[in-house]
Amino acid sequence: SFGLGLEALSERLSPALDLFAEVLLEPAFAPDELERERKDTLAALARREDRLGALVFEQFAQAQWRTHPYRLPILGSVETVTSFTREDLLAHHARWLRAGNLVLAVSGDVDPDSVADAIAHRLAALDPGDFAWSAPADEPAPREVREVELRKDRAQAHLVLGFRGLTLHDPDRFALEVIAQILAGQGGRLFLELRDRRGLAYAVNAMNLEGLAPGLFAVYVATAPEKLDE
């Protein structure tokens, strides 16, 4: 998904909505701004090589999925970031920004009917045509244990142990989310046991991520290399 957010004082909502609609419907994608963002993203990709906590999740995703897009990092790669053009962005915007593909949410000190009319008026130029998209083919969950290891010369070790998860439409996702909350956070059982009681980790977490396709359930620990086996 991609989208646009706006925060404004209620008494300045009308001019703010004018700007919001302009940005949404008529983005300039100015070449100089595009190159600045490209440079910033490439710098972020370079920094990512030193962020072992992020790298371990990339390794996990690429082991969990071999063909599905969930295996790909959101930030992209050097190859993808350097290859797309302004024309690619314009085509992407034209394809996806359609009335049939839009969800709006408004909260705050507004009159619902008035703000709905104001937004409808400003977004009347949206392409009203039907929007059709095809989901990538589901990839079956692994039937074997897959292990991936990336070694860096650092005095730290990061471990992710995870499984294929559930979709947004699976009723069992609520139970899985409860399990994740019991395990996660500074009051979670993993934190209390592995960090507080046994001093084995400096960061622990559990996560349940759902999507239109089955996501993942995983636990994560950051520790000293000599404590990793335990």
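Described below are features of the structure shown in this document. Computed from a predicted structure; not experimentally measured.

## Structural notes on the overall build of the protein chain
Right, so step 1: Summing up its helical and strand segments, the protein chain has eight helices and three strands in all.
Right, so step 2: Taken from the N to the C terminus, the helices and strands of the protein chain come in the order α-α-α-α-α-α-β-α-α-β-β.
Right, so step 3: Against the compact-globule benchmark of 17 Å for 230 residues, the protein chain has a radius of gyration of 22 Å, which places it well outside the compact range.
Right, so step 4: Summarising its shape, the C-alpha atoms of the protein chain cover approximately 60 × 40 × 35 Å along the three principal directions.
Right, so step 5: Taking as baseline every contact in the protein chain between residues at least 6 positions apart, the subset at least 24 positions apart corresponds to 72%.
Right, so step 6: By element, 54% of the accessible surface of the protein chain is carried by carbon and sulfur atoms, the whole surface being about 16000 Å².
Right, so step 7: Positive and negative charge centroids in the protein chain, built from 25 and 37 side chains respectively, lie 7 Å apart.

## Concerning the sheet that holds strand 2 (residues 203–209)
Right, so step 1: Spatial strand order, 1-3-2: three strands in an open sheet with antiparallel pairing. The outermost strands of the open sheet, each flanked by one partner alone, are strand 1 (157–164) and strand 2. On average, adjacent strands in this sheet sit at an angle of 10 degrees to one another, irrespective of strand direction.
Right, so step 2: Sheet contacts for helix 7 (residues 173–183): strand 2 and strand 3 (216–223); angle to strand 2, the most-contacted strand, approximately 170 degrees.

## Concerning the packing of helix 1 (residues 13–25) against helix 6 (residues 112–122)
Right, so step 1: For the pair helix 1 and helix 6, interaxial distance at closest approach is 10 Å and the crossing angle is 35 degrees. As helix 1 runs across helix 6, the sense of the crossing is right-handed. Taken together, the residues of helix 6 that come into contact with helix 1 (itself represented by Leu-13, Ser-14, Leu-17, Asp-18, Ala-21 and Leu-25) are Val-115, Ala-118, Ile-119 and Arg-122.
Right, so step 2: Along the lines of polarity and charge, the residues of the contact of helix 1 with helix 6 split into seven nonpolar, one polar and two charged.

## A look at helix 3 (residues 52–64)
Right, so step 1: Compared with an ideal rise of 1.5 Å per residue, which puts 13 residues at 18 Å, helix 3 spans 18 Å between its outermost C-alpha atoms and is within 8% of the ideal.
Right, so step 2: Burial in helix 3 covers these residues: Leu-52, Leu-55, Val-56, Glu-58, Phe-60, Ala-61, Ala-63 and Gln-64.
Right, so step 3: Each element contacted by the buried residues of helix 3 is listed here: helix 2 (31–48), strand 1 and strand 3.

## Quick word on the pairing of strand 2
Right, so step 1: In this structure, strand 2 lies alongside strand 3, joined through seven bridges in antiparallel fashion. Within strand 3, the residue paired with Ala-206 across the bridge is Val-219.
Right, so step 2: Counting the residues in the hairpin turn of strand 2 and strand 3 gives six residues.

## Here we look at helix 6
Right, so step 1: Here helix 6 has its buried residues at Val-115, Ala-118, Ile-119 and Arg-122. Projected down its long axis, helix 6 carries its buried residues within an arc of 95 degrees, all on one side. Away from its buried face by more than 90 degrees, helix 6 exposes Asp-113, Asp-117 and His-121.
Right, so step 2: Considering only its buried residues, helix 6 is in contact with helix 1.

## What about the packing of aromatic side chains?
Within a pair of aromatic rings, the relevant descriptors are the distance that separates the centres and the angle that separates the planes.
Right, so step 1: One pass over the structure, following the stated rule, counts three aromatic pairs.
Right, so step 2: Residues Trp-96 and Phe-131 carry aromatic rings whose centres are separated by 5.4 Å and whose planes lie at 50 degrees to one another, so their mutual orientation is tilted. Pair noted here: Trp-96 is in helix 5 (residues 86–96) and Phe-131 is in the loop between helix 6 and strand 1, with a separation of 35 residues, a long-range link.
Right, so step 3: Over the face of the ring belonging to Phe-84 we find Arg-38, whose NZ or CZ atom lies 5.0 Å from the ring centre.

Parameters at a glance
- Residues numbered from 1 in each chain as written.
- Predicted model: local features only at pLDDT ≥ 70, side-chain atom pairs only at ≥ 80, totals over all residues.
- Heavy atoms only, no water.
- Helix = DSSP H or I, 4+ residues; strand = E, 2+ residues; numbered from the N terminus.
- Rg over C-alpha atoms; globule rule 2.2 N^0.38 Å.
- Contact = heavy atoms within 4.5 Å.
- Areas by Shrake-Rupley, 256 points an atom, 1.4 Å probe, with all protein chains shown as cover.
- Lys, Arg positive; Asp, Glu negative; His and termini not counted.
- Charge placed at Lys NZ, Arg CZ, Asp CG, Glu CD.
- Pairing = 2+ DSSP bridges.
- Axes fitted to C-alpha atoms, helices over the stretch in contact; angles between N-to-C directions.
- Left-handed = near helix turned anticlockwise from the far one by under 90°.
- Nonpolar A, V, L, I, M, F, W, Y, C, P; charged D, E, K, R; others polar.
- Expected span 1.5 Å × (residues − 1).
- Buried < 20%, exposed > 50% of the residue type's maximum accessible area, 1.4 Å probe, protein only.
- Arc of directions from axis to C-beta.
- Phe/Tyr/Trp six-rings, centres within 6.5 Å; stacked < 30°, edge-to-face > 60°.
- Lys NZ or Arg CZ within 6 Å of the ring centre and 35° of its normal.

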